[in-house]
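Understanding the architecture of this molecule
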Amino acid sequence: DVKVTQSSRYLVKRTGEKVFLECVQDMDHENMFWYRQDPGLGLRLIYFSYDVKMKEKGDIPEGYSVSREKKERFSLILESASTNQTSMYLCASSFWTGEGEQYFGPGTRLTVT
Amino acid sequence: QKEVEQDPGPLSVPEGAIVSLNCTYSNSAFQYFMWYRQYSRKGPELLMYTYSSGNKEDGRFTAQVDKSSKYISLFIRDSQPSDSATYLCAMKGNSGGYQKVTFGTGTKLQVIP
């Protein structure tokens, strides 16, 4: 079974704090993704990475950055958290080629106060 | 207009009913079609995927793709309370390399015992 794990299930941070969300996958997938999920808006892609040290902006990269130093690990960084970044954050991974099916982690519910 | 449209529901059915969940799309380049199930406060889990047109069956679940109508469906037979979840459709093209996966916003299903 593919396993994608995320460092925290619930996180509460204050406005202006730097926030790190970590994701680890154990299937040797090339691609890794960060999404946020909000009611009525569905899943929106923040960033993805197709190889170590490689990254591409998704649909809503503003206010976020990412880091991928090892193939299995992909980090999302909120440089200065704001209340409009309160959301469910989902990490996913997939093979580079193939049908594109993505495997998701359990999610991190981030609240910024 | 969104590339993928999905009725948000909620859809309430009695236990044992046949459930039909649907998505329409506008991008004729989509070739791979997926359904995810997401329980409350959890990450989406891949339920089924199909390539191009046709049907695919897995236990009580049947995925159907009609590319001529740009319409995909997920049928659940003998629905159970444990099927209560949000169902997301997802799709992608097939022109080589990485192709972005586009998700629907999800349909919330409740199966009443």
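Residues numbered from 1 in each chain as written. Chains lettered and ligands numbered in written order. Predicted model: local features only at pLDDT ≥ 70, side-chain atom pairs only at ≥ 80, totals over all residues. Heavy atoms only, no water.

**Some words on the environment of Cys23(B)**
Residues and elements named next belong to chain B. To keep things clear, this is the line we draw: Helix and strand definitions follow DSSP, with helices as H or I runs of at least four residues and strands as E runs of at least two, each counted in order from the N terminus. Categorising residues by exposure relies on relative accessible area from a 1.4 Å probe, with only protein chains included: less than 20% of the type maximum marks a residue as buried, more than 50% marks it as exposed, and the intermediate range marks it as partly exposed. In what follows, a contact means two residues having at least one pair of non-hydrogen atoms within 4.5 Å.
Tracing the sequence through the fold places Cys23 in strand E3 (residues 19-25). A relative accessible area of 1% places Cys23 in the buried class. Along the sequence, Cys23 and Gly104 sit 81 residues apart, while their C-alpha atoms lie 7.4 Å from each other. If near-sequence neighbours (up to four positions away) are discounted, Cys23 is found in contact with Val4, Glu5, Gln6, Trp35, Lys70, Tyr71, Ile72, Cys89 and Met91.

**Looking at the packing of aromatic side chains**
Where we set the bar: For Phe, Tyr and Trp, where Trp contributes only its six-membered ring, two rings pair if their centres lie within 6.5 Å, and the inter-plane angle classes them as stacked under 30 degrees, edge-to-face over 60, or tilted in between.
Evaluation of the coordinates by the stated rule reveals 11 aromatic pairs over all chains. Measuring from ring centre to ring centre gives 5.5 Å for Phe104(A) and Tyr36(B), while their planes differ by 90°; the resulting arrangement is edge-to-face. Of this pair, Phe104(A) sits in strand E10 (residues 103-104) while Tyr36(B) sits in strand E4 (residues 32-38), placing the two residues on different chains. You'll find Phe104(A) and Tyr36(B) in the same group, each marked buried. Taking 5.7 Å as the distance between ring centres and 50° as the angle between the ring planes, the aromatic pair formed by Tyr36(B) and Phe103(B) counts as tilted.

**Brief notes about the interface of chain B and chain A**
The line we're drawing: Here the quantity called buried area is the accessible surface, traced with a 1.4 Å probe, that two parts lose on coming together, added over both. Throughout this description, the term salt bridge denotes a Lys or Arg side-chain nitrogen within 4 Å of a carboxyl oxygen of Asp or Glu. Side-chain atoms alone can form a polar contact between residues adjacent in sequence; in general such a contact is a pair of N or O atoms within 3.5 Å, and within protein one must be able to donate a hydrogen while the other accepts it.
Between chain B and chain A, the residue contacts involve 19 residues of the former and 24 residues of the latter. Together chain B and chain A conceal approximately 1800 Å² of surface at their shared face, both sides included; 61% is due to carbon and sulfur atoms. Counting across the interface, chain B meets chain A through 0 salt bridges. Remark: the boundary between chain B and chain A carries 4 residue pairs in polar contact (both at pLDDT 80 or more).

**Quick notes on empty space enclosed by the protein**
Here is the rule: Lining residues are those with an atom within 4 Å of a point, where the points come from a 1 Å grid over the protein atoms alone and group into cavities, where a 1.4 Å probe fits but cannot get out, or pockets, open sets with protein on both sides within 12 Å along at least five of seven lines. Grid points are joined across faces, edges and corners, and a volume is the space filled by probe spheres set on the points.
For the coordinates displayed, the defined rule picks out 1 cavity of 30 Å³ or more. Roughly 40 Å³ of internal volume is contained in the largest cavity. Taken together, Arg9(A), Tyr10(A), Met88(A), Gly107(A), Arg109(A) and Arg41(B) make up the full set of residues lining the largest cavity.

**As for the layout of surface pockets**
Considering only enclosed or pocket space, the largest pocket measures out at about 590 Å³ in volume. Taken together, 23 residues make up the lining of the largest pocket; nearest its centre are Gln37(A), Pro39(A), Gln38(B), Thr86(B) and Lys108(B). Sorting the residues of the lining of the largest pocket by element identifies strand E4 (31-38) of chain A together with strand E9 (85-92) and strand E11 (107-112) of chain B as the ones contributing at least two each. For the lining of the largest pocket, the element with the most residues is E11(B), which contributes 4 residues.

**Looking at the pattern of salt bridges**
Residues and elements named next belong to chain A. Here the structure, examined in full by the defined rule, presents 9 salt bridges over all chains. A salt bridge links Arg36 to Asp38; the nearest nitrogen and oxygen atoms lie 2.9 Å apart. A relative accessible area of 8% means that Arg36 is categorised as buried. Bridged by salt links that share partners, the residues Arg36, Asp38 and Arg44 form one connected network.

**A few points about the pairing of strand E3 (residues 19-25) of chain A**
Residue and element names in this part refer to chain A. Here is the rule we go by: By definition, two strands form a pair when at least two bridges between them are found by DSSP.
By the alternation rule, side chains of E3 split into Val19, Leu21, Cys23 and Gln25, which are all buried, and Phe20, Glu22 and Val24, of which none is buried. As paired strands, strand E1 (residues 4-6) and E3 are joined by 3 bridges and run antiparallel to one another. Within E3, the residue paired with Thr5 across the bridge is Val24. Where E3 and strand E8 (residues 73-78) come together, 6 bridges link them in antiparallel fashion. For Leu21, the partnering residue across the bridge sits in E8 and is Leu76.

**Here we look at the side chain of Arg36(A)**
All names here are of chain A. Counting through the fold element by element, Arg36 comes out in strand E4. Within polar-contact distance, the side chain of Arg36 engages the side chain of Ser87 at 3.4 Å. Residues in contact with Arg36, not counting those within four places in the same chain, are Gly42, Leu43, Arg44, Ile46, Ile60, Tyr64, Asn84, Gln85, Thr86, Ser87, Met88 and Tyr89.

**Some points on the sheet that holds strand E6 (residues 54-58) of chain B**
By definition, the strands of a sheet pair up through backbone hydrogen bonds, in either a parallel or an antiparallel sense. All names here are of chain B. Cut-off, in case you're wondering: Working convention: axes come from line fits to C-alpha atoms, limited for helices to the stretch in contact. Angles between N-to-C directions cover 0 to 180 degrees.
Taken in spatial order, the 5 strands line up as E1-E3-E8-E7-E6 in an open sheet, and their pairing is antiparallel. Either end of the sheet is taken by a strand with one partner, and the two such strands are strand E1 (4-6) and E6. This sheet shows a mean twist of 15° between the axes of neighbouring strands, independent of strand direction. Pairing geometry for E6 and strand E7 (residues 61-66), over 5 bridges, is antiparallel. Residue pairing for E7: Asn55 is matched across the bridge by Gln64.

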